[in-house]
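Summary of structural features
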Amino acid sequence: MKTTQQQDWLALDGAEGEGGGQVLRSALTLSAISGRPFRIERIRAGRAKPGLLRQHLTAVQAAAAICGATVQGAELGSTRLSFVPGMIRGGDYRFAIGSAGSCTLVLQTVLPALWFADAPSTVTVSGGTHNQAAPPADFLIRAWWPLVATLGVQQQLVLLRHGFYPAGGGEVRASVTPCAALQPLDLTERGALRQVRAEALVARVPAHVAQRELARVTQHLGEVAGEARVLPPDEGPGNVLLIEVVHEQVSEVFTAFGERGVSAEAVADRAAREARQYLAGRAAVGEHLADQLLLPLALAGGGRFTATCASSHLRTNAMVIERFLPVRVEVADEDGAARVTVHPRVD
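Residues numbered from 1 in each chain as written. Predicted model: local features only at pLDDT ≥ 70, side-chain atom pairs only at ≥ 80, totals over all residues. Heavy atoms only, no water.

Within an unreviewed UniProt entry, the label attached to the protein reads RNA 3'-terminal phosphate cyclase, and the organism entered is Chitiniphilus shinanonensis. Checking UniProt for the protein, the heading Catalytic activity (unreviewed entry) contains the comment "a 3'-end 3'-phospho-ribonucleotide-RNA + ATP = a 3'-end 2',3'-cyclophospho-ribonucleotide-RNA + AMP + diphosphate". Check the Sequence similarities (unreviewed entry) section of the UniProt entry for the protein; it says "Belongs to the RNA 3'-terminal cyclase family. Type 1 subfamily." (UniProt positions renumbered as here; feature names shortened; annotations may be inferred.)

Here you go:
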């Protein structure tokens with residue numbers, strides 16, 4: 001995907017769209033792949049703490065490492081950055097966020113670029129694997145990874161150690177084999193329902209919390225395959241409830257996190273409500289999986305899927321993608337859902 005010569009600088013405004021880290025992360029990925037340098041200002045201007053936090057800084061450093069980029073502005077709190085990519089190189093990479101910042105968002109910044117590297121890679125990221133501001137590692141492993149595999153991506157994701165907010169300390173490892181090209185994805189139907197299962201995890205939290213969460217899920221969804229897991233104490237404190245909905249064509253994962261002062265039943269209510277709304281509809285993927293599928297489809301040059309809704313994250317991502325790649329993203333309302341189509345752009 002990388003061009004032989006870098007093109008003109010691309011200027012980006014981090015305040016556009018949802019005003020968070022999505023503009024930066026997508027720009028880093030696409031710059032490495034396309035070879036086009038960019039400058040970005042007003043990074044995360046729409047957030048309470050603008051600028052680069054630890055997870056964003058780690059994403060910048062990781063993207064720079066895999067493609068030998070020249071970077072200016074890579075420091076905590078920075079609201080502007082310039083990034084000049086080099087060639088994407090495979091290898092053994094390790095990145096430590098140093099907080100409960102999201103491992104998964106760092107991985108999703110570098111993995112698509114490493115799909116087009118010159119050699120296989122392993123990427124190990126330490127930090128937060130389960131926090132409310134990002135998809136948990138289980139989501140990537142059970143929902144996102146199987147779908148990108150259908151595009152021709154050869155990668156494996158392993159959760160080595162859980163890391164909850166605020167302590168962090170988790171670790172995720174990915175192994176990637178480069179591919180010559182991606183195949184378009186057509187995912188407009190989810191197929192027949194195969195299974196609904198729930199998993200409640202606790203670390204340094206009483207085991208009865210997990211049992212109560214599972215009991216509450218059955219009140220919402222009926223009998224489901226349930227498992228309560230007590231993690232090693234040094235992986236906590238933390239509590240997460242995962243509800244996996246498995247259809248023929250796609251698996252979805254809905255998540256809720258335990259918090260001090262919030263009952264186990266309230267945690268279960270949040271996750272079960274999302275799962276029940278998804279089951280009641282016809283769209284192939286939920287809001288968050290839709291966000292994560294758009295960039296792989298764009299790299300494949302085309303494809304389509306139906307989603308429960310088109311979030312501000314998705315629309316922001318589409319805006320950045322269209323700046324870097326010769327594609328057009330079309331979002332259309334359809335029977336209370338959204339149909340997202342990626343077309344090759346004809347200039």
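Before going further, it helps to examine the overall build of the protein. The secondary structure content of the protein amounts to eight helices and 16 strands. In terms of overall size, the protein behaves like a compact globule, its C-alpha atoms giving a radius of gyration of 20 Å where 347 residues would be expected to give roughly 20 Å. Principal axes of the C-alpha set define a box for the protein whose edges measure 60 × 45 × 35 Å. A burial count over the protein gives 54% of its 347 residues as buried. In the protein, the share of contacts with a sequence separation of at least 24, taken over all contacts with a separation of at least 6, comes to 71%. (Helix = DSSP H or I, 4+ residues; strand = E, 2+ residues; numbered from the N terminus. Rg over C-alpha atoms; globule rule 2.2 N^0.38 Å. Buried < 20%, exposed > 50% of the residue type's maximum accessible area, 1.4 Å probe, protein only. Contact = heavy atoms within 4.5 Å.)

Attention now moves to the UniProt feature "active site" (unreviewed entry) in the protein. The UniProt record marks His313 with the feature "active site" (unreviewed entry), using the residue numbering of this structure. Among the structural elements, His313 can be located in helix 8 (residues 312-324). Setting aside anything within four residues of it in sequence, one finds His313 in contact with Glu18, Gln22, Arg47 and Asp291.

The subject of this paragraph is helix 4 (residues 137-150). Given a rise of 1.5 Å per residue, 14 residues ought to cover 20 Å, and the 19 Å separating the end C-alpha atoms of helix 4 matches this to within 8%. If you look at helix 4, its biggest bend is around 40°, right at Trp144, and the proline Pro146 turns up within four residues after that. Following helix 4 by one or two positions, Gly152 adopts a phi angle in the positive range, close to 105°. (Expected span 1.5 Å × (residues − 1). Bend = angle between axes of the 7 residues up to and from the residue.)

The strand order 11-10-12-13 describes an open sheet built from four strands, whose pairing is mixed. Both edges of this open sheet fall to strand 11 (225-230) and strand 13 (251-257), since each of them pairs with a single strand only. Ignoring which end each strand starts from, the neighbouring axes of this sheet average 15° apart. Of the pairings in the sheet, the one linking strand 10 (residues 193-203) to strand 12 (residues 238-247) comprises 10 bridges and is antiparallel in character. Counterpart to Val202 in the pairing with strand 12 is Asn239. Strands strand 10, strand 11 and strand 12 of the sheet are contacted by helix 5 (residues 207-221), whose axis makes an angle of about 155° with strand 10. Strand contacts of helix 6 (residues 264-280): strand 10, strand 12 and strand 13, with the helix running at about 155° to strand 13, the strand carrying the most contacts. (Pairing = 2+ DSSP bridges. Axes fitted to C-alpha atoms, helices over the stretch in contact; angles between N-to-C directions.)

Sheet architecture is open: four strands sit in the order 5-6-8-7, paired in mixed fashion. Strands with a single pairing partner mark the edges of an open sheet, and in this sheet they are strand 5 (92-96) and strand 7 (154-161). Taking each pair of neighbouring strands and ignoring which way they run, the sheet shows an average axis angle of 15°. Direction of pairing for strand 5 relative to strand 6 (residues 121-127): parallel, over a ladder of five bridges. Across the sheet, the residue bridging to Arg94 is Thr124, located in strand 6.

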